[in-house]
Structures are given as C-alpha cells and as structure tokens.
Amino acid sequence: MFKTFPVHLKIDDNFKEYLTAQCKLSNSLFNSAVYIIRQHYYQQLEQDTNYSTYWRGDDYRVGRKLKKIQGLNYNKLWNQLKNTELVAGLGEVCESAIIEGHRQIDKKL
C-alpha cells in the first residue's frame, strides 16, 4: 500500500488558473486517446467472428474473450493526436512527459 501526504502550495490565482487549465487539457487528451483505442478495439471485435467457450466459476460460457489490440501502437496513436488543439495547448514541456507516458502504455498494448 502506498502512503500519500498532502502538499500545500501558496500560489497566486493566475498560476492556479494556469495549472487548472493544464490539468483539464491533459485529461481531455488522455480521454481522446482512450476513445481512439476503444474505437479501434470495437472495430477489431466486429471483424472477429470467432466465439470462444470458457469457464467462469461454475458457469460454462460462450462469447468473445478480450484480446490484445492489434494494429495500433504508440506512433499511430500519436499521429492522430499530435495535430489536435489539446496538444498545442499543453506546450512543449508537458508534451515530452505525455510522450514518455504513452511509450510506457504502448508496451502494455
């Protein structure tokens, strides 16, 4: 279990508004990336006509099992997102942090 502790900053209102705007933009960018990944996954499910049978607990089920997303990697996702207003609003400093975060996500895809 991770321990957390609050950090109290004394900042002026302008900087607080700036940080709030940056957080909203980064959250919107993350949501856009998740939306693109989900759309790609659902398109992949429509093309896949194979049903599998499996046990869940004591129930024997027939249906589609979750599969790894194919054909979508970090570069394709970034090419779709890099020309949006969200990335332009975040600036270069935040952009490098987002790129590093997406590279870690790409390893899991």
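Calculation criteria
Along each chain, residues carry numbers from 1 onward, in the same order as the chain's sequence is written. A pLDDT threshold of at least 70 governs which residues receive local features in this predicted model, and a stricter bar of 80 or more applies before side-chain atom pairs are shown or counted, although totals over entire chains, interfaces and linings include all residues. Side-chain descriptors were evaluated using all non-hydrogen atoms of the structure, hydrogens and water having been removed beforehand. Put simply, DSSP H or I for four residues or longer makes a helix, DSSP E for two residues or longer makes a strand, and each gets a number counted from the N terminus. Only protein chains enter the accessibility calculation, which uses a 1.4 Å probe; a residue whose area is less than 20% of its type maximum is buried, one above 50% is exposed, and one in between is partly exposed. In this description, contact between two residues means that some pair of their heavy atoms is separated by no more than 4.5 Å. To measure how exposed things are, a 1.4 Å probe is used in the Shrake-Rupley method; for residues, cover is taken only from the protein chains shown. Only buried residues count toward a nonpolar core. Its members are Ala, Val, Leu, Ile, Met, Phe, Trp, Tyr and Cys residues joined through side-chain atoms within 4.5 Å. For a helix, the expected span equals 1.5 Å multiplied by the number of residues minus one. By definition, no residue in a patch forms a salt bridge, and every one has over 30% relative accessible area; like charges are joined within 9 Å, nonpolar side chains (Val, Leu, Ile, Met, Phe, Trp, Tyr) within 5 Å. By salt bridge we mean one thing: a side-chain nitrogen of Lys or Arg within 4 Å of a carboxyl oxygen of Asp or Glu. Here an angle of 0 to 180 degrees is reported between the N-to-C directions of two axes, which are lines fitted to C-alpha atoms, with helices fitted over the stretch in contact. When describing relative orientation, an angle under 35 degrees is termed roughly parallel and one over 145 degrees roughly antiparallel, while 65 to 115 degrees is termed roughly perpendicular and anything else oblique. Crossings are classed by handedness, with left-handed meaning an anticlockwise turn of the near helix from the far one by less than a right angle and right-handed meaning a clockwise turn. Basically, the charged four are Asp, Glu, Lys and Arg, the nonpolar ten are Ala, Val, Leu, Ile, Met, Phe, Trp, Tyr, Cys and Pro, and anything else, Gly included, counts as polar. The reported arc concerns the directions from the helix axis to the C-beta atoms and nothing else.

Novice: Would you explain the overall build of the protein in this entry?
Specialist: When helices and strands are counted, the protein shows 3 helices and 2 strands. Each helix and strand of the protein, placed in order from N terminus to C terminus, yields the pattern α-β-β-α-α. Across the 109 residues in the protein, those meeting the buried criterion constitute 21%. Within the protein, counting contacts between residues at least 6 apart in sequence, those at least 24 apart form 64% of the total. Summing over all exposed atoms, the protein offers an accessible surface of approximately 9,400 Å²; the carbon and sulfur share of this is 53%.

Novice: I tried to follow the nonpolar core on my own but got confused; where do I start?
Specialist: Nonpolar side chains tend to gather and get buried jointly when the protein is soluble and globular. Ranked by size, the top nonpolar core spans 15 residues in total, and within it L29, I37, I69, L77 and L81 carry the most contacts. Contributing elements (two or more residues each) for this core: α1 (13-47), α2 (74-81) and α3 (85-108). The leading source of residues in this core is α1, at 6 residues.

Novice: Where do I start with α1 in this structure?
Specialist: Taking 1.5 Å of rise per residue, the 35 residues of α1 would be expected to cover 51 Å, and the 51 Å separating its terminal C-alpha atoms lies within 8% of that figure. For α1, the set of buried residues is Q22, L29, A33, I36, I37, Y41, Q44 and L45.

Novice: Whenever I open this one, a nonpolar patch on the surface confuses me. Can you help?
Specialist: Judged by side-chain polarity, F5, V7, L9, I11, F15, Y18 and L19 come together as a nonpolar surface patch covering roughly 730 Å² of accessible area. Along the chain, the position of L19 falls in helix α1.

Novice: Please clarify how the packing of α1 against α2 should be interpreted in this entry.
Specialist: Each pair of packed helices can be described by the angle between their axes along with the distance between the axes. Contact geometry for α1 and α2: axes closest at 11 Å, N-to-C directions at 125 degrees. Taken as axis vectors, α1 and α2 run oblique relative to one another. You can see that α1 and α2 cross each other, and the crossing is right-handed. Along the contact surface, α1 presents L29, S32, A33, I36 and I37, while α2 presents L77, Q80 and L81. Class assignment of the residues belonging to the contact of α1 with α2 gives a composition of 6 nonpolar, 2 polar and no charged.

Novice: Looking at this structure, I do not really get α2. What am I missing?
Specialist: Helical geometry note: an α-helix holds 3.6 residues per turn, so side chains three or four residues apart project in the same direction. Buried residues of α2: Y74, L77, W78 and L81, and no others. Buried residues of α2, viewed axially, fall in a sector of 95 degrees; they line one side.

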